[in-house]
Amino acid sequence: MFLRTLLKQKLKKTMEHSNSITVSTLNGLIAILEDGKLGYVNAAENVEDTRLKADFLKYSRERAQFVTELQNEINSLGKSTDEGSGPLGAIHRAWIDFKSMVTSNDSESVINACLTGEEAAVEKYKLALKQEQLNGDLRTIIAKQLAHIEGVMVTLKMEKIA
């Protein structure tokens, strides 16, 4: 009986630790997504091309949707989302202040700034996928979001060439 109680306590602590790491990882992704969401709104405000402006606003909405997905996963663990930035987002805030990077409203400069942010997001997502504590469903969600962000990067790079 005593051994069973000790095992239950150990298992509970292990699960709590695993959930804590998972929540921290997700909060870090949420922070970089929030940066991206705001970055794309700023990008839309700094381009004249209406099609590009619409694309940037679409990407901002997608980032908001990704945030909601990750927040739902945190809530399903019985935890609440962190209002501040998590460790992954705090390590390196990639979405820059457009006023300092974009000296004129030329599309190429704005796209370059967006690519900088997306490269940082991809880095954070890849780090997150290395976390052993993530369950299969969560890995699937993160991998899907990562693939989408990488697709946006390809689109932005093609936009630069056009």
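Residues numbered from 1 in each chain as written. Predicted model: local features only at pLDDT ≥ 70, side-chain atom pairs only at ≥ 80, totals over all residues. Heavy atoms only, no water.

Student: How should I be thinking about the overall build of the protein chain in this particular structure?
Tutor: In terms of regular secondary structure, the protein chain is built from six helices and zero strands. When the helices and strands of the protein chain are placed in sequence order, the string is α-α-α-α-α-α. Taking all 162 residues of the protein chain together, 40% fall into the buried category. Nonlocal contacts in the protein chain, meaning residues at least 24 apart in sequence, comprise 76% of its contacts between residues at least 6 apart. Carbon and sulfur atoms make up 55% of the accessible area of the protein chain, which totals about 9100 Å². (Helix = DSSP H or I, 4+ residues; strand = E, 2+ residues; numbered from the N terminus. Buried < 20%, exposed > 50% of the residue type's maximum accessible area, 1.4 Å probe, protein only. Contact = heavy atoms within 4.5 Å. Areas by Shrake-Rupley, 256 points an atom, 1.4 Å probe, with all protein chains shown as cover.)

Student: Whenever I open this one, the packing of aromatic side chains confuses me. Can you help?
Tutor: Inspection of the entire model under this criterion finds two aromatic pairs. Counting every residue linked through ring pairs, the aromatic cluster contains Tyr-40, Phe-56 and Tyr-59. (Phe/Tyr/Trp six-rings, centres within 6.5 Å; stacked < 30°, edge-to-face > 60°.)

Student: Explain helix 6 (residues 136-161) here, please?
Tutor: Owing to its 3.6 residues per turn, the α-helix aligns residues three or four sequence positions apart on the same side. For helix 6, built from 26 residues, the straight-helix expectation of 38 Å at 1.5 Å per residue is met to within 8% by its first-to-last C-alpha distance of 38 Å. By the burial criterion, the buried members of helix 6 are Leu-138, Ile-141, Ile-142, Gln-145, Leu-146, Ile-149, Val-152, Met-153, Leu-156 and Glu-159. N-capping of helix 6 is provided by Asn-135, with a side-chain oxygen placed 3.0 Å from the backbone N of Asp-137. (Expected span 1.5 Å × (residues − 1). Polar contact = N/O pair within 3.5 Å; in protein donor to acceptor, adjacent residues only side chain to side chain.)

Student: How do you make sense of the pattern of salt bridges when you look at a structure like this?
Tutor: Two side chains with opposite charge may pair up if their charged atoms get near one another. Scanning all chains against the criterion turns up seven salt bridges. Across the pair Asp-55 and Arg-51 runs a salt bridge whose closest N-O atoms are separated by 3.6 Å. A residue pair is termed a helical-turn pair when its members lie 3 or 4 positions apart in one helix, as Asp-55 and Arg-51 do in helix 2 (residues 50-76) at four residues. Among the residues examined, Arg-51 registers a relative accessible area of 42% and is labelled partly exposed. With a closest N to O distance of 2.5 Å, Glu-159 and Arg-51 form a salt bridge. With Glu-159 in helix 6 and Arg-51 in helix 2, the pair connects residues that are 108 residues apart, well separated along the chain. Residues joined in a network through salt bridges with shared partners are Arg-51, Asp-55 and Glu-159. (Salt bridge = Lys/Arg side-chain N within 4 Å of Asp/Glu carboxyl O.)

Student: I'm lost on the side chain of Thr-22 in this one. Help?
Tutor: Looking at the element boundaries, Thr-22 is found in helix 1 (residues 2-45). Residue contacts for Thr-22: discarding those within four places in its chain leaves Leu-77, Gln-133, Leu-134 and Leu-138.

Student: Would you explain the environment of Ile-161 in this entry?
Tutor: Within the fold, Ile-161 resides in helix 6. Along the backbone, Ile-161 and Glu-108 are 53 residues apart, and their C-alpha atoms lie at a distance of 9.2 Å.

Student: What should I look at first to understand the packing of helix 2 against helix 6 in this one?
Tutor: The contact between helix 2 and helix 6 brings their axes to 11 Å, and the two run at 170°. In terms of orientation, helix 2 and helix 6 fall into the roughly antiparallel class. Contacts between helix 2 and helix 6 involve Arg-51, Leu-52, Phe-56, Tyr-59, Glu-62, Arg-63, Phe-66, Glu-69, Leu-70 and Glu-73 from the first element and Leu-138, Ile-141, Ile-142, Lys-144, Gln-145, His-148, Ile-149, Val-152, Thr-155, Leu-156 and Glu-159 from the second. Partitioning the contact of helix 2 with helix 6 into residue classes produces 11 nonpolar, three polar and seven charged. (Axes fitted to C-alpha atoms, helices over the stretch in contact; angles between N-to-C directions. Parallel < 35°, antiparallel > 145°, perpendicular 65-115°, else oblique. Nonpolar A, V, L, I, M, F, W, Y, C, P; charged D, E, K, R; others polar.)

Student: Where do I start with the nonpolar core in this structure?
Tutor: Generally speaking, soluble globular proteins have nonpolar side chains that are buried together. If you look at the biggest cluster of nonpolar residues, it comprises 35 residues, and the most contacted ones within it are Phe-56, Leu-70, Tyr-125, Ile-142 and Leu-156. If we skip the residues at most four places from it in the chain, Leu-70 touches Leu-26, Leu-29, Ile-30, Leu-33, Tyr-125, Ile-141, Ile-142 and Gln-145. (Core = buried A, V, L, I, M, F, W, Y, C linked by side-chain atoms within 4.5 Å.)

Student: What should I look at first to understand the side chain of Arg-63 in this one?
Tutor: Tracing the backbone shows Arg-63 in helix 2. At 2.4 Å, the side chain of Arg-63 and the side chain of Glu-118 are in polar contact. Apart from the residues lying within four places of it in its own chain, the contact partners of Arg-63 are Leu-33, Gly-36, Lys-37, Tyr-40, Glu-118, His-148, Ile-149 and Val-152.

Nothing here speaks to function; it is all geometry.
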